[in-house]
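Remarks on the overall topology
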Amino acid sequence: QKTGDVKDVTTIDVLPAKSLYKQLWQPYLAQWDEDYYVVSYGYKLDGKSDIGDLVCSITRDGGKTWSEPFLLNMSSVRCHGTLAKVNNRLYYSIPQGIGEKEKINWDDDRVNGSIYFSDDDGATWDHKVIEPGYYSYSTVGKLVDEYMITFYARGGHGDKGIGYRIFTDDWLDK
């Protein structure tokens, strides 16, 4: 099997030399239009085992240039989530968490799985809880017709199985 050479590699983001973050991690790429892509990823805090902040960068020229990263200010839970665009709506699936309650176990806040959605290219977000139980390492995407689907790990790392929920924009908008 023959493979081609990788070329035209572009760096989207790098950590500054003196940063409170120790690494960039877990990038997810979504194509929104022919030359319009979005990548979301985490800034991992030094001394922590989870993501510190969730950021996003956009290209509208097929990846030749990328926007400065901007904060996705949604959930306070730093756990994998995915970003998708269907028609003119953005979707992000991630746990909403437990709010100000104190965590006893490392995965206590990976609950209240939510679908965050934006109708203004991410300037503002609303959300709805789709799974009140454990919800982590999720993905969201188009199913068929008006239906969307989210798959997620039940438990901190899926130790309680893999689940899914099907939903529509009508359900989100109620």
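Quick look at the structure, then.

Conventions adopted
- Residues numbered from 1 in each chain as written.
- Predicted model: local features only at pLDDT ≥ 70, side-chain atom pairs only at ≥ 80, totals over all residues.
- Heavy atoms only, no water.
- Pairing = 2+ DSSP bridges.
- Helix = DSSP H or I, 4+ residues; strand = E, 2+ residues; numbered from the N terminus.
- Axes fitted to C-alpha atoms, helices over the stretch in contact; angles between N-to-C directions.
- Phe/Tyr/Trp six-rings, centres within 6.5 Å; stacked < 30°, edge-to-face > 60°.
- Buried < 20%, exposed > 50% of the residue type's maximum accessible area, 1.4 Å probe, protein only.
- Contact = heavy atoms within 4.5 Å.
- Polar contact = N/O pair within 3.5 Å; in protein donor to acceptor, adjacent residues only side chain to side chain.
- Salt bridge = Lys/Arg side-chain N within 4 Å of Asp/Glu carboxyl O.

A closer look at the sheet that holds strand β6 (residues 89-95)
Taken in spatial order, the four strands line up as β5-β6-β7-β8 in an open sheet, and their pairing is antiparallel. One side of each edge strand has no neighbouring strand; the edge strands of this open sheet are β5 (82-86) and β8 (126-134). Averaged over neighbouring strand pairs, the angle between their axes works out to 20° when direction is ignored. Where β5 meets β6, five bridges bridge the pair, whose relative direction is antiparallel.

With respect to the packing of aromatic side chains
Aromatic ring pairs are defined here through the distance separating the ring centres and the angle between the ring planes. This structure, assessed with the given rule, holds six aromatic pairs. With a centroid separation of 5.8 Å and 40° between ring planes, the pair formed by Phe 151 and Tyr 164 is classed as tilted. With Phe 151 in strand β10 (residues 147-153) and Tyr 164 in strand β11 (residues 162-168), the pair connects residues that are 13 residues apart, well separated along the chain. Ring centres of Phe 167 and Trp 171 lie 6.3 Å apart, and the angle between their planes is 55°; on these two criteria the pair is classed as tilted. Of the residues examined, Trp 171 reaches a relative accessible area of 27% and is grouped as partly exposed. In this structure an aromatic cluster arises from ring pairing among Tyr 21, Tyr 41 and Tyr 43.

Considering the environment of Tyr 91
As for its placement among the helices and strands, Tyr 91 is situated in strand β6. By relative accessible area, Tyr 91 is classed as buried at 1%. Separated by 25 residues in the primary sequence, Tyr 91 and Tyr 116 place their C-alpha atoms 5.7 Å from one another. Sequence-distant contacts of Tyr 91, that is, excluding residues within four places in its chain, are made with Thr 82, Leu 83, Ala 84, Val 86, Ile 115, Tyr 116, Phe 117, Val 140, Met 148, Phe 167, Asp 169 and Leu 172.

What to know about the environment of Arg 165
Tracing the backbone shows Arg 165 in strand β11. For Arg 165, a relative accessible area of 34% translates into the label partly exposed. Among the polar contacts listed, one links the side chain of Arg 165 to the side chain of Glu 131, at a separation of 2.3 Å.

Observations regarding the pattern of salt bridges
The full count for this structure, using the stated rule, is five salt bridges. The partner of Arg 89 in a salt bridge is Asp 173, with the nearest N and O atoms 2.8 Å apart. You can see Arg 89 sitting in strand β6 and its partner Asp 173 sitting in helix α1 (residues 169-173), a full 84 residues away along the chain. Judged by its relative accessible area of 48%, Asp 173 falls in the partly exposed class.

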